[in-house]
Every structure is written in structure tokens, then in C-alpha cells.
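Tertiary structure, described
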Amino acid sequence: MDNDQATDKSRRLIFISHATPQDNDFTAWLGARLASAGYEVWSDLTQLVGGEVFWKDIEEAIRKHSVKFLSVLSPVAPEKRGFMKELSVADAVEATAGLGDFIIPLRLKDIPFSELPIQIHNKNAIDFMCGWHLGLARLLEKLEKDGTPRRTGDVESSLTDWTKRFLHLGEGVEKED
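Rules and cut-offs
Residues numbered from 1 in each chain as written. Predicted model: local features only at pLDDT ≥ 70, side-chain atom pairs only at ≥ 80, totals over all residues. Heavy atoms only, no water. Helix = DSSP H or I, 4+ residues; strand = E, 2+ residues; numbered from the N terminus. Buried < 20%, exposed > 50% of the residue type's maximum accessible area, 1.4 Å probe, protein only. Pairing = 2+ DSSP bridges. Right-handed = clockwise from strand over helix to strand, strands pointing away.

**Quick notes on unusual backbone geometry**
Across residues other than glycine, the phi torsion is negative in most instances, and most of the peptide bonds are trans. In this chain, Thr-20 is followed by Pro-21 through a cis amide linkage whose omega measures 0°. If you trace the backbone, Pro-21 turns up in the loop between strand S1 (13-17) and helix H2 (24-36). Not every positive phi belongs to a glycine, and Asp-101 is a case in point at roughly 50°. With respect to the helices and strands, the residue Asp-101 is situated in the loop between helix H5 (81-96) and strand S4 (103-107). Note on Asp-101: relative accessible area 39%, which makes it partly exposed.

**Some points on the pairing of S1**
Across the five residues of S1, five count as buried, placing the element largely inside the fold. Here S1 shows a buried face lined by Leu-13, Phe-15 and Ser-17 and a second buried face lined by Ile-14 and Ile-16. Sheet topology note: the S1/strand S2 (residues 40-42) ladder contains three bridges and is parallel. What sits directly across from Ile-14, in S2, is Val-41. Assessed by its sense of winding, the connection that carries the chain from S1 through H2 to S2 is right-handed. In this structure, S1 lies alongside strand S3 (residues 66-73), joined through five bridges in parallel fashion. Directly across from Ile-14, in S3, lies its bridge partner Lys-68.

Coordinates in, geometry out; function isn't part of it.
Encoded structure:
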């Protein structure tokens, strides 16, 4: 792992960028699997509840707190303005923050390599097309190889925290006397 990654304790998030709403199911599945492996995961599905000035939150998460940026590639992703904005910020972070292999492309569906965004055109994508479980195994191998920080003790709390955010548990519940 790059020395900057090893010493910068504020960079612990794995940011998942995807086409909303088309790739939401995959993103929810992946987020749960990464959280159960002890990683801190950021996606709009779990972090944005309502009322936020979300581009500010997204930019801060990518620029200041993400150690890895997962770019979910599907045929519709490059057409999504938000996806491309996130990728552009991630590309700038990778170039200036000294974070090796910051952007990790995940090839979810058959997208021709000629249509990949320029920011990731020369990167090796992890293939999820032959089975999400196979892609996940490769991704976990990559994260481990890069020394991506994760909780090692109470892994269940990572999944519990992710689930609470995803399902918005505890919101709008009032206790009656």
C-alpha cells in the first residue's frame, strides 16, 4: 500500500459510484458484502437520506475520506452525469493524493471497452459479469493485497451500521408512553 494510504487515518471509506437507479441492486448487494468483510462503505443508497446538499457530501467523501473508489461500469453508467462527475473527482484525487490504484473499475454488465470513460480506459476492470460472487472474490483479494483498512475485531458492527443506514432503521419511529 502507498505510504500516504497507510498513514492517513481519515481515509477509510470505500466509495461505490454507480448509475442510479439502474445499478442500485448491485450496489446494495456489494455494499452489504464489503461491510460484512469489515470495510467502511459509502454509497448514496446508505448515506443520503433526504435534504442534504448531496454534492458537497459526495465530494467530501471522495476527496477526504475514501481510500478506494469503486466505479461500477454498466452500459448506462457513462451516460449518467452524476456518475461522470464522481469519476472526474476521483481521477483528480488519484492523480494528486498519491493513492495508488485508488479507482477500481467493476465491470457489471457487457460494456464495450471502447465506451469506457477516459479516466479508466487504461485500467484493468474486475469482472462481475460471470457471477457477482466471482467478482467479489477478486475485489476482496485486491483490497487485501492493497492493505485497505478494515475493522478486524467487531466485524458485525460494520454490517449492522451499514444495514441501519440502508434500511433507515430508527427513523420516524416514535416511542409511546
